[in-house]
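# Coordinate inspection notes
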Amino acid sequence: MKRVAVYPGSFDPFTLGHLDVIERAAQMVDELVVGVLVNSAKKPLFSIEERVKMLEIAVKDIGNVRVQQFNGLSVEFASENHAEFIVRGLRAITDFEFELQMAQTNRVLNPAIDTIFLTTSLQYAYLSSTIVKEVASYGGDISKLVTPAVRDAVMEKYRSTRE
Ligand code: PNS
């Protein structure tokens, strides 16, 4: 049977830390579906189309990864994609409480779907989309934090909001 996992997130924008999780998770399953949440509580910097497009460009050479937008619950997104697993990255102990709560809730909602946590590679342990936006909003160099395409898109956003 084909093993499918979903990797849900806001990805506003995706970082090299997310990409690291995607590359590693893709090796563990037959298909990995990256789910980009449309109705995020946070007001995103990038539209859903922009977030999906940037991810699609980054994963185009990884054969078993697909990117899809979704609305609603991650467990429902997982079921729709016939996924057995939800993948999440854990950077530090500060992530743990929220991630545990989400994983437990998701398991109550659908006991057939398990959450798999991947510990983020050490060089990305500090990294988040929020940090990327914070640095970029002050004109800082984010080229060690995101792909070149994302760097250009983020810098362009802040350039246009400053003008
Ligand atoms: O990248 P993020 O913002 O840390 O991702 C959070 C995300 C999208 C995984 C989480 O907010 C989510 O799953 N949202 C969809 C609604 C849902 O299923 N919530 C979990 C039940 S508590």
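Further up the page is the structure itself.
Residues numbered from 1 in each chain as written. Predicted model: local features only at pLDDT ≥ 70, side-chain atom pairs only at ≥ 80, totals over all residues. Heavy atoms only, no water.

## Thoughts on the pattern of salt bridges
This structure, assessed with the given rule, holds twelve salt bridges. A salt bridge links E31 to K2; its shortest N-O distance comes to 3.2 Å. Of this pair, E31 sits in strand β2 (residues 31-37) while K2 sits in the segment before β1 (4-9); the two residues are 29 residues apart in sequence, bridging distant segments of the chain. Look at K2 and you get partly exposed, because its relative accessible area is 49%. In this structure, E156 engages R159 in a salt bridge whose closest nitrogen and oxygen atoms are separated by 2.7 Å. With E156 and R159 both in helix α6 (residues 148-162) and three residues apart, the pair spans about one turn of that helix. The exposure class of R159 is partly exposed, given its relative accessible area of 40%. One salt-bridge network, in which partners are shared between bridges, spans K2, E31 and R66. (Salt bridge = Lys/Arg side-chain N within 4 Å of Asp/Glu carboxyl O. Helix = DSSP H or I, 4+ residues; strand = E, 2+ residues; numbered from the N terminus. Buried < 20%, exposed > 50% of the residue type's maximum accessible area, 1.4 Å probe, protein only.)

## Section: the site of the ligand
As a matter of local geometry, the ligand sits amid P8, G9, S10, L37, K42, G72, L73, S74, R88, M102, T105 and N106. A distance of 2.6 Å is found between an oxygen atom of the ligand and a side-chain nitrogen or oxygen belonging to S74. One of the side-chain nitrogen or oxygen atoms of R88 is found 2.9 Å away from an oxygen atom of the ligand. Taken by itself the ligand offers 550 Å² of open surface, and the protein chains cover 74% of this. More than half of the atoms belonging to the ligand lie within 2 Å of the grid points that define the largest pocket. Counting residues per element, the ones that place at least two in the shell around the ligand are β1 and α4 (93-109). The dominant element in the shell around the ligand, judged by the number of residues it contributes, is α4, at three residues. When the residues that make up the shell around the ligand are grouped by side-chain class, the tally is four nonpolar, six polar and two charged. (Near = heavy atom within 4 Å. Polar contact = N/O pair within 3.5 Å; in protein donor to acceptor, adjacent residues only side chain to side chain. Areas by Shrake-Rupley, 256 points an atom, 1.4 Å probe, with all protein chains shown as cover. 1 Å grid on protein atoms, 1.4 Å probe; cavity = no way out; pocket = protein on both sides within 12 Å on 5 of 7 lines; lining within 4 Å. Sits in = over half its atoms within 2 Å of the grid points. Nonpolar A, V, L, I, M, F, W, Y, C, P; charged D, E, K, R; others polar.)

## Here's the deal with the environment of R107
Along the chain, R107 turns up in helix α4. C-alpha of R107 to C-alpha of G139: the two residues are 32 residues apart in sequence and 42 Å apart in space. When residues no more than four places from it in sequence are discounted, the contact partners of R107 are I113 and D114. (Contact = heavy atoms within 4.5 Å.)

## Structural notes on the packing of aromatic side chains
In this description, an aromatic ring pair is defined by two values, namely the gap between the centres and the angle between the planes. Summed over all chains, the structure comprises two aromatic pairs. Aromatic pair Y7 and F11: ring centres 5.3 Å apart, planes at 75 degrees, arrangement edge-to-face. Judged by relative accessible area, which is 4%, Y7 ranks as buried. By relative accessible area, F11 is classed as buried at 2%. (Phe/Tyr/Trp six-rings, centres within 6.5 Å; stacked < 30°, edge-to-face > 60°.)

## Comments concerning helix α5 (residues 129-137)
Helical geometry: 3.6 residues make up each α-helical turn, so side chains three or four residues apart lie on a common side. Along α5, the residues that are buried comprise S129, V132, K133 and A136. Here the buried residues of α5 occupy an arc of 95 degrees about the axis, which is enough to place them on one side. Positioned one or two residues after α5, G139 has a phi angle of 80 degrees, which is positive. (Arc of directions from axis to C-beta.)

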